[in-house]
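Letter by letter, the chains look like this.
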Amino acid sequence: MRATAKHEPQCEPQLEIIMCGIFGYIGPKENSLELVIKGLQKLEYRGYDSWGVATELDGELFVDKKIGKISEANLDDFKDKKCNFAIGHTRWATHGGVTDTNAHPHFSSDKTIAVVHNGIIENYEEIREMIGKENFVSDTDTEVIPQLIAKYRKEMGFKEAVLETIKKLKGRYAIVVTNVGENYLIAARRGSPLIVGVGENEYFLASDIPAFLEYTQNVNYLDDDEMVIVDGGVEFMNITTGEPIKKRLVNIDLKAESAEKGDYDHFMLKEIMEQKESILRAINQDTDEIMHIAQMIKNSRGCFLSGCGTAGKVCMAGEYFFSLIANRHVNFAPSSEFPVYHHFLRPESLLIVVSQSGETADVLEAMEAAKKKGCKVLSIVNSEGSTIARQSDFSLHIKAGVEKAVASTKAATSQMALLMLIATAMVGELQEGRRLLAEVASQINDMLNPRFLTYIKDVAERIKDHENCYIIGKAENYPMALEAAIKIQEVSYVHAEGFAAGELKHGPIALVTEGTPCISLIANDEVKSDTINNTIELKARGAHIIGISPEKHEVFDDWIKVPDVGIASPLVNIIPTQLLAYYISVLRGLDPDMPRNLAKSVTVK
Ligand code: G6P
């Protein structure tokens, strides 16, 4: 849709809860629109409902936005549109319909100011009333931003108008603003990620680093309540005081290829295969730091583990590692539930949060609840400069490399490896822990061979048409049963559920009928025979048993052999379930990298 197109009929405004990716470029390159679209394609995992770009062409605001995936954008449409700056957006919406008009960028009625936004403006209704509802064309909260800037712009400079507008906004935002006639970009953040990439006389403003990684590895992280003005240079300021801020330039140790699919059909498969190396990177940590963290946990009075989705299941596995290896009780709560436990928190408590993106809003809220009670926060993240990392007292980087598929795989095994390493350090067995985990990485390397993949694909073929699938596990493999269920649900839309093996007889077994695929996660541990017995109970009800285990058993209809790695069994048992989820998705004709209704980084509560 062009900015000049006829407006669609006005609907009642709705709060637009968005995750989204935003990207802006300014510099000598004249193909800014193409560059921004290509950058947004690298952020597509953040949202794929609609996309849009804006710049100035022939002295007028040019806006093009449409529903659909940014990966399907036709770059040829933008080849002859020369401009040295542009902004763009790829949207994930839960409220506020997926329409061309609701797509970003949004612009002022006089079509001089365009804005891309990630977050939620809570007082948008009030601002709409103030400006006059009749001036709005979209159903979004975001549109109040360019409208308010335009209103202030009549009385003051562009910079001042943006600052004045930001001061009026309540809620969470990362925004990039541009203005016809004044060829520079302004960005600001509160609660949503925004990073400044600093190249040679050129600058990038993005929700995540892969958007500009091929141009620069040097970044400035914008913190909450900070604004940046980008033209020939960068000028940072505090939004509340208007005072200038000096920022440290950080060099990111990531290669552009790590954010590409390479020879793989999907990022999910590439990332599953990368687990050969990613676990080794995760355990390659500074010994003093690990010992310090082990001591922090030992000294704490009340230690909690928290995360969301897959990271939450990793935390549950951590609960078992700390108990089985370090004889220490650690309490797990999903981050969305954690604040409820605030009565149990005190200054000597420790909260360990686990997050791939380092930006998950529920995790940030859990941290806030802990900090209010004076607790220390340790984070385990995959994004070094992320908000969660920067807001913790201590942060460990798992070094898994860019993870793009919505379904988390390599980050999960790296997080587990690190938690296990810390548990071994707590009992003075760090070196043994390192050796065991290095051995696990090498066993995974052997396991992930083409024959193994073909075999798993065959198993997937046998179960792909079933609408239900159950997974059981006991002890440290119970969280893996829950995690395997998440993987299958999110990429293949098969109804999958994980259960503690022993809980079957208390209800879930009623769900099993002739041929229902049931996956049993087994390790060579003290609960092995219990899990086998529970598997036999399933088989007696007609289940088709897929046994993931180091040893074969007659109860299995399909046996997926995994290496025997003792207490580290969750790290190897989870891998065939990741592959099963992947192949079921592909065989059902779905795109495992972009599951419906989901986003990789969930920056709203
Ligand atoms: C989303 C993703 C999940 C992820 C969860 C937590 O729901 O779809 O794959 O596990 O967020 O994300 P985090 O970045 O905090 O690990």
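Residues numbered from 1 in each chain as written. Predicted model: local features only at pLDDT ≥ 70, side-chain atom pairs only at ≥ 80, totals over all residues. Heavy atoms only, no water.

Participant: What is the right way to look at the pattern of salt bridges in this model?
Facilitator: Two side chains carrying opposite charge are able to pair once their charged atoms lie near each other. Taken as a whole and judged by the stated rule, the model has 27 salt bridges. Among the salt bridges present, the one from K81 reaches D80, with a minimum N-O distance of 3.9 Å. Here K464 and D465 are joined by a salt bridge, their closest N and O atoms 3.2 Å apart. For K464, a relative accessible area of 13% gives the class buried. Residue D465 is classed as exposed on the basis of its relative accessible area, which comes to 57%. Here the residues in one salt-bridge network are D223, E226, K247 and R390, joined through shared partners. (Salt bridge = Lys/Arg side-chain N within 4 Å of Asp/Glu carboxyl O. Buried < 20%, exposed > 50% of the residue type's maximum accessible area, 1.4 Å probe, protein only.)

Participant: Even after reading the chapter, I still don't get the sheet that holds strand β4 (residues 85–91), so can you show me in this structure?
Facilitator: Strand pairing in a sheet takes place through backbone hydrogen bonds and is either antiparallel or parallel in direction. Taken in spatial order, the eight strands of this open sheet run β3-β2-β4-β1-β10-β9-β11-β15, and their pairing is antiparallel. The sheet is open, and its two edges are formed by β3 (60–67) and β15 (250–251), each paired on a single side. Pairing geometry for strand β1 (residues 21–26) and strand β10 (residues 203–206), over four bridges, is antiparallel. For G24, the partnering residue across the bridge sits in β10 and is L205. (Pairing = 2+ DSSP bridges. Helix = DSSP H or I, 4+ residues; strand = E, 2+ residues; numbered from the N terminus.)

Participant: When you look at the site of the ligand in this model, what are you seeing that I'm missing?
Facilitator: The local shell around the ligand holds 13 residues, among which S355, Q356, S357, T360 and V406 are the closest. A distance of 3.0 Å is found between an oxygen atom of the ligand and a backbone nitrogen or oxygen belonging to T310. Burial of the ligand by the surrounding chains reaches 90%, relative to a free accessible area of 390 Å². Counting residues per element, the shell around the ligand draws most heavily on helix α8 (residues 309–326), which supplies three residues. In terms of residue class, the shell around the ligand is built from five nonpolar, seven polar and one charged. A domain-level breakdown of the shell around the ligand finds at least three residues from each of domain 2 (261–448) and domain 3 (449–605). (Near = heavy atom within 4 Å. Polar contact = N/O pair within 3.5 Å; in protein donor to acceptor, adjacent residues only side chain to side chain. Areas by Shrake-Rupley, 256 points an atom, 1.4 Å probe, with all protein chains shown as cover. Nonpolar A, V, L, I, M, F, W, Y, C, P; charged D, E, K, R; others polar. Domains from an automatic or database assignment.)

Participant: Hey, could you run me through unusual backbone geometry in this one?
Facilitator: Peptide bonds are trans in most cases, and residues, glycine excluded, mostly fall at negative phi. Here the amide bond leading from H104 into P105 is cis, since omega sits at 0°, within 30 degrees of zero. Within the secondary structure, P105 is located in the loop between β4 and β5 (106–107). The phi dihedral of K111 is positive, around 50°, even though this residue is not glycine. Relative to the helices and strands, K111 is located in the loop between β5 and β6 (113–121).

Participant: Sorry, what's going on with the packing of helix α2 (residues 124–131) against helix α3 (residues 144–153) here?
Facilitator: Helix packing geometry: the angle between the two helix axes and the distance between the axes. At a closest axis distance of 10 Å, the pairing of α2 and α3 adopts a crossing angle of 45°. It follows that α2 is oblique to α3 by the angle criterion. Judged by the sense of rotation from one axis to the other, the crossing of α2 with α3 is left-handed. Contacts from Y124, I127, R128, M130 and I131 of α2 reach α3 at V144, Q147, L148, K151 and Y152. Taken together, the residues that form the contact of α2 with α3 break down as seven nonpolar, one polar and two charged. (Axes fitted to C-alpha atoms, helices over the stretch in contact; angles between N-to-C directions. Parallel < 35°, antiparallel > 145°, perpendicular 65-115°, else oblique. Left-handed = near helix turned anticlockwise from the far one by under 90°. Contact = heavy atoms within 4.5 Å.)

Participant: Help me understand the packing of helix α14 (residues 478–492) against helix α16 (residues 569–587), please; the structure alone is not making it clear to me.
Facilitator: Two elements in contact, α14 and α16, have axes separated by 8 Å at closest approach and are oriented at 15°. As the angle between them shows, α14 and α16 are arranged roughly parallel. Note that α14 runs across α16; the crossing there is right-handed. Facing α14, whose interface residues are M480, E483, A484, K487, I488, V491 and S492, α16 presents P570, I574, T577, Q578, A581, Y582, I584 and S585. Taken together, the residues of the contact of α14 with α16 sort by class into nine nonpolar, four polar and two charged.

Participant: Explanation requested: the side chain of E483 in the structure shown.
Facilitator: Here E483 is to be found in helix α14. Each residue touching E483, except ones within four places of it in the same chain, is listed here: T310, K313, S408 and I574.

Participant: Could you clarify how one ought to interpret helix α1 (residues 32–41) in this entry?
Facilitator: Each turn of an α-helix holds 3.6 residues, which means side chains three or four residues apart point in the same direction. For α1, the buried fraction is high: eight of the 10 residues fall into the buried class. Of all the positions in α1, only S32, L33, E34, L35, V36, I37, G39 and L40 are classed as buried. Against β1, β2 (50–57), β3, β4 and β10 lie the buried residues of α1.

Participant: How should helix α12 (residues 430–447) be read in this particular structure?
Facilitator: In a regular helix each residue adds 1.5 Å, so 18 residues correspond to 26 Å; α12 covers 25 Å between its end C-alpha atoms and thus fits that length. Listing the buried residues of α12 in full gives L430, G433, R434, L437, V440, A441, I444 and M447. Taken end-on, α12 shows its buried residues confined to a sector of 145°, consistent with a single buried face. Turning to α12, the residues buried within the fold contact α6 (275–283), α7 (287–299), α11 (410–426), α13 (450–463), β25 (558–561) and α16. (Expected span 1.5 Å × (residues − 1). Arc of directions from axis to C-beta.)

Participant: Would you take a moment to explain the sheet that holds strand β22 (residues 495–500) for this structure?
Facilitator: Taken in spatial order, the five strands make up an open sheet running β22-β21-β23-β24-β25, and their pairing is parallel. Of all strands in the sheet, those with a lone pairing partner are β22 and β25, marking the two edges. Recorded for the sheet is a direction-independent mean angle of 20° between the axes of neighbouring strands. Of the strand pairs in this sheet, strand β24 (residues 544–549) and β25 are connected by four bridges, and their pairing is parallel. Within β25, the residue paired with I546 across the bridge is D558. Here α13 sits on the sheet and contacts β23 (517–521), β24 and β25; the angle it forms with β25, its principal contact strand, is near 150°.

Participant: When you look at the domain arrangement of the chain in this model, what are you seeing that I'm missing?
Facilitator: Note: interface size is frequently given as the accessible area lost on complex formation between the parts. Domains assigned within the chain are domain 1 (21–258), domain 2 (261–448) and domain 3 (449–605). The straight-line distance from the C-alpha centre of domain 1 to that of domain 3 is 42 Å. Counting residues at the interface gives nine residues for domain 1, matched by nine residues for domain 3. Across the domain 1 to domain 3 interface the summed buried area is about 900 Å²; carbon plus sulfur atoms make up 56%. Of all residues in domain 1, the largest losses of buried area upon contact with domain 3 belong to Y45, Y48 and W92, amounting jointly to 52% of the total for that side. Note that K69 is salt-bridged to D591, the shortest N-O span being 4.0 Å. Seen at the junction of domain 1 and domain 3, the total is one residue pair in polar contact (both at pLDDT 80 or more). (Buried area = accessible area lost by both parts, 1.4 Å probe.)

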